[in-house]
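Report on the structure
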Amino acid sequence: MDHFLYRDGTLYAEDVPVAEIAAAVGTPFYVYSTATLIRHFTLFDEALDFADHLVCFAMKSASNQAIIKVLANAGAGMDVVSGGEYLRAKAAGVPGDKIVFSGVGKTADEMRMTLEGGIRQFNVESEPEMVVLDQVAQSLGVVAPITVRVNPDVDAKTHAKIATGKSENKFGIPISRAREVYAMAAKMPGLKVIGIDVHIGSQLTDLAPFEAAYRKVAELTEQLRADGHEIKRLDLGGGLGIPYARSNEAPPLPTDYGALIQRTVGHLGCEIEIEPGRLISGNAGLMVSKVIYVKSGEDRDFLILDSAMNDLIRPAMYEAWHDIVPVIEPAPGAAPAKYDIVGPVCESGDTFAKGREMPAVGPDDLVAFRSAGAYGAVMSSEYNSRPLIPEVLVDGDQFAVIRARPTYEEMIARDTVPVWLD
């Protein structure tokens, strides 16, 4: 569910007409719904009521400080994968004891920064990382709380670029070696083992891979406890998918996911952490664009927009589907048109959809990309020297720009020309 609905013939973001935002900030832009963000977080939070738990928002999906603050105010922790994300979370007022540090390539500088600033735990990905973290913690005279990320070799049956739980993926330690690695960690004075971490991928629409992974984690928990380790926290990752195409069958609900967690690991008495990103932020955002031209080709019509692959790269990178709808509601029974929907970047890959049937639109009309709140703005770039587009947050009948569009002058001024070229 989201809060982007037609009302009186036009698309609204909560109680604000999308066209009103477009008139104020220009196109293209991202817009997020506060009510949707809070509702989706709350569904996860309530689904874990059976145990002590913390829902940590995966900031890699949407890292604007305003979004972070909305979720933190609702009670969320944060899952970060870089020093920059950690500093964003802190800047938004998230305390260190509600921040989990994941990621396969943590540097010594990032470890030092987070140990000095406060951290809930490190989800350690490898033995070399464990050695460096131990050294950094000892140099600061502190003990770093850790879980070890285990790779359960479970096929999440998702896109190859976002699968993380198979033996061929770069993430985690093979679960077959976990007892050996935990024994190694227990001997390091700068580390304190507190739990287990697992994450098998993103955009999962079936609970079966989660069940297979979590049953392996439950078995490992019993083994590690028998070995003398204190396993009091299970970080079960994220990855629950969303329905990008509204005609598709809906993925499982957070309530179903919570029931699965209770069924597979609830008997262990552990605190539960999960790290949802997409399901919280995905349907909470739109990207809004304007039609520049409708161009007739040899065998197709092209809908050329003012947004491009640098603004929303998911279709080019993942062959991803986004529903694309006109901001002005089509008349009942209006005949659809078929378009290849493209942007102005000088690559054939700058294509959002091919042969897409949708209501007919013309130059200067506004269209909205649904389910664009996750992995949209965070993955954008200035390719072709196109300025980053604004982000807007709506709360009821009010809206505010939460990231402004830079001017061309501001964008160009970031370059520095060496003196010998003058």
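Residues numbered from 1 in each chain as written. Predicted model: local features only at pLDDT ≥ 70, side-chain atom pairs only at ≥ 80, totals over all residues. Heavy atoms only, no water.

Overview of the overall build of the protein
For clarity, the threshold we go by: Helix and strand assignments come from DSSP, with helices taken as H or I runs of at least 4 residues and strands as E runs of at least 2, each series counted from the N terminus. Between buried and exposed lies partly exposed: a residue is buried under 20% and exposed over 50% of the maximum accessible area for its type, with that area taken using a 1.4 Å probe on protein chains only. Here the accessible surface of atoms and residues is derived via Shrake-Rupley with a 1.4 Å probe, and residues count as covered only by protein chains that are part of the display. His residues and chain termini do not enter the charge count, which takes Lys and Arg as positive and Asp and Glu as negative. The atom standing in for a charge is NZ when the residue is Lys, CZ when it is Arg, CG when it is Asp and CD when it is Glu.
Across its full length, the protein carries twelve helices and 21 strands. On the principal axes, the C-alpha backbone points of the protein span a range of 70 × 60 × 40 Å. Taking all 422 residues of the protein together, the buried fraction comes to 55%. Summed over all atoms, the accessible surface of the protein reaches about 18000 Å², with 52% contributed by carbon and sulfur. The centroid of the 39 positive side-chain charges in the protein is displaced by 4 Å from the centroid of its 58 negative side-chain charges.

Digging into unusual backbone geometry
Following Thr27, the chain continues to Pro28 via a peptide bond in cis, the omega torsion being -10°. In this fold, Pro28 is placed in the loop between helix H1 (18-25) and strand E4 (29-33). Not every positive phi belongs to a glycine, and Asp8 is a case in point at roughly 55°. Mapped onto the secondary structure, Asp8 falls in the loop between strand E1 (4-7) and strand E2 (10-13). Judged by relative accessible area, which is 74%, Asp8 ranks as exposed.

Description of the environment of Val294
We count it as follows: Only heavy atoms enter the contact rule, under which two residues are in contact if any of them lie within 4.5 Å.
Relative to the assigned elements, Val294 resides in strand E14 (residues 285-296). Looking at Val294, the relative accessible area reads 35%, which means it is partly exposed. On a C-alpha basis, the gap between Val294 and Gly362 in space is 6.5 Å, while along the polypeptide they are 68 residues apart. In contact with Val294, not counting residues within four places along its chain, are Phe302, Leu303, Tyr339, Val361, Gly362 and Pro363.

Observations regarding helix H2 (residues 34-47)
Convention followed: For a helix, the expected span equals 1.5 Å multiplied by the residue count minus one.
Between the first and last C-alpha of H2 there are 20 Å, a value that for 14 residues agrees with the 20 Å anticipated at 1.5 Å per step. Turning to H2, its buried residues number three or more, namely Thr34, Thr36, Leu37, His40, Phe41, Phe44 and Ala47.

Structural notes on the packing of helix H4 (residues 83-91) against helix H5 (residues 108-117)
Each pair of packed helices can be described by the angle between their axes along with the distance between the axes. Quick note on the threshold: Axis angles are defined between N-to-C directions and span 0 to 180 degrees, where every axis is a line fitted to C-alpha atoms and, for a helix, only to the segment in contact. For classification purposes, angles smaller than 35 degrees are called roughly parallel, those larger than 145 roughly antiparallel, those between 65 and 115 roughly perpendicular, and all remaining angles oblique. A crossing counts as left-handed when the near helix is turned anticlockwise from the far one by less than a right angle, and as right-handed when that turn is clockwise. In this classification, the charged set is Asp, Glu, Lys and Arg, the nonpolar set is Ala, Val, Leu, Ile, Met, Phe, Trp, Tyr, Cys and Pro, and all remaining amino acids, among them Gly, are polar.
It is the contact of H4 with H5, at a shortest axis distance of 10 Å, that shows an interaxial angle of 20°. For the element pair H4 / H5, the angle class is roughly parallel. In this structure, H4 meets H5 at a crossing whose hand is left-handed. Across from Gly83, Tyr86, Leu87 and Lys90 in H4, the residues of H5 making contact are Glu110, Met113, Thr114 and Gly117. Along the lines of polarity and charge, the residues of the contact of H4 with H5 split into three nonpolar, three polar and two charged.

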